[in-house]
Amino acid sequence: MTGCTGLTGGLFLNYFAQLFPERELNCLVRPNSDRSSLSHLKLKLNYCVGDSSTAETWDRIFSEVIPDTIIHIAQLRQIATILNCLKKIKKIPRLIVIGTTGIYSQYNEYSQDYKTAEGQLKTYQGSYCLLRPTMIYGSHRDKNLHKLLKFCDRYGFFPVFGSGDNLIQPVHADDLAQAILTALQKPNIQGAYDLSGGTVVSFRELLTLVGKLLGKPVRQISLPLNAGIWSATILENILKERSPVRREQILRLQEDKAYPHDAAQKDLDFFPRSLEVGLQQEVALMRSLSIISS
Ligand SMILES: NC(=O)c1ccc[n+]([C@@H]2O[C@H](COP(=O)([O-])OP(=O)(O)OC[C@H]3O[C@@H](n4cnc5c(N)ncnc54)[C@H](OP(=O)(O)O)[C@@H]3O)[C@@H](O)[C@H]2O)c1
């Protein structure tokens, strides 16, 4: 398994440990990955230290262990490396891979890598299940909504670049984690599934909901889209990974990012929580950690 120290991977492991206590699991972690959140789990975790983007790491792992299943959460773009290493040892374990609905973006600079990676996965001789989440939220460890919640709580406003009418359908990390577990438990399930959240909202509706849950008004400051693109580009160039907003996020505000999850509902019993319930849980969690005011 890759990604066990991340948001989705950690939640998946919690479910996995409840269902299969004391089960042995090989986890690929980076030298600096923070494993402290995994120490309480009642599992036999073997750590393979490396980098899931390199063939050297996978070659080393496959020389020591041939897994029945590989759960690859870290990054879809690395899939060609894994497939090439599997070819060398002529094994075809089942693959459960986390992709992204970002593949549907009209901005090729962001979607092309995912299209290429999915194309490579389609050539795999073995069985695979590709899960494509939309924007993931659910805790202070998410990359998206927790920043928005924090900003709105502190400043009582949020900029809306462009019309703000485009649709989003964020998925709770916990619902995604449960879907990974279901995919693992149903070895006959194959193919790709979009995993979106329980509610479709426009960005403006999201801000109204956030204000309701924080118990304070969130003023929506309308700004031209170009202003957002310029600011995000400058921030990204200066702050790199630490930038609070990415250029891609602003550009993609113009796209509707709502995708049905009927196939996942049917095959993976995927019934994601509503955005109001999920955000309420995230607000409560952030309050309990004093990240936002109570
Ligand atoms: N966040 C979103 O809104 C979103 C939307 C659609 C799809 N996705 C995809 O969904 C998956 C899970 O997202 P998440 O937000 O739960 O992830 P996350 O919290 O950022 O965690 C990523 C995990 O992958 C590990 N990882 C990353 N690169 C690695 C490498 N080169 N070698 C070994 N381990 C590596 C990280 O290890 P460290 O602990 O060392 O960092 C961490 O455990 C990712 O594939 C992501 O691209 C995310």
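Heads up: the structure comes first, above all this text.
Not measured: the values here are computed from a predicted model. (Residues numbered from 1 in each chain as written. Predicted model: local features only at pLDDT ≥ 70, side-chain atom pairs only at ≥ 80, totals over all residues. Heavy atoms only, no water.)

**Q** Now, about the pairing of strand β4 (residues 94–98): what can you tell me, with residues and values included?
**A** Along any regular strand, the residues point their side chains to alternate faces of the sheet. Here β4 lies mainly inside the structure; five of its five residues are buried. Neither face of β4 is exposed, since Arg94, Ile96 and Ile98 on one face and Leu95 and Val97 on the opposite face are all buried. Sheet topology note: the strand β3 (residues 69–72)/β4 ladder contains four bridges and is parallel. Counterpart to Ile70 in the pairing with β4 is Leu95. Strand direction decides the pairing type here: β4 and strand β5 (residues 128–133), joined by four bridges, are parallel. Paired with Ile96 across the bridge in β5 is Cys129. Note that the unit made of β4, helix α4 (residues 108–122) and β5 has a crossover that is right-handed. (Buried < 20%, exposed > 50% of the residue type's maximum accessible area, 1.4 Å probe, protein only. Helix = DSSP H or I, 4+ residues; strand = E, 2+ residues; numbered from the N terminus. Pairing = 2+ DSSP bridges. Right-handed = clockwise from strand over helix to strand, strands pointing away.)

**Q** Quick rundown of the packing of aromatic side chains? Include the residues and the values.
**A** Summed over the entire model, instances satisfying the criterion amount to nine aromatic pairs. When the centroid spacing of 5.7 Å and the interplanar angle of 35° are considered together, the rings of Trp58 and Phe62 count as tilted. Taken together, the residues Trp58 and Phe62, both in helix α2 (residues 55–64) and four residues apart, mark about one turn of the helix. Each of the two residues, Trp58 as well as Phe62, counts as buried. Relative to Tyr155, the ring of Phe151 has its centre 4.7 Å away and its plane inclined at 50°; by these criteria the two rings are tilted. Here Phe151 and its partner Tyr155 are both found in helix α5 (residues 145–155), four residues apart, which amounts to about one turn of the helix. Here the basic side chain of Arg35 rests over the ring of Tyr47, its NZ or CZ set 4.4 Å away from the ring centre. (Phe/Tyr/Trp six-rings, centres within 6.5 Å; stacked < 30°, edge-to-face > 60°. Lys NZ or Arg CZ within 6 Å of the ring centre and 35° of its normal.)

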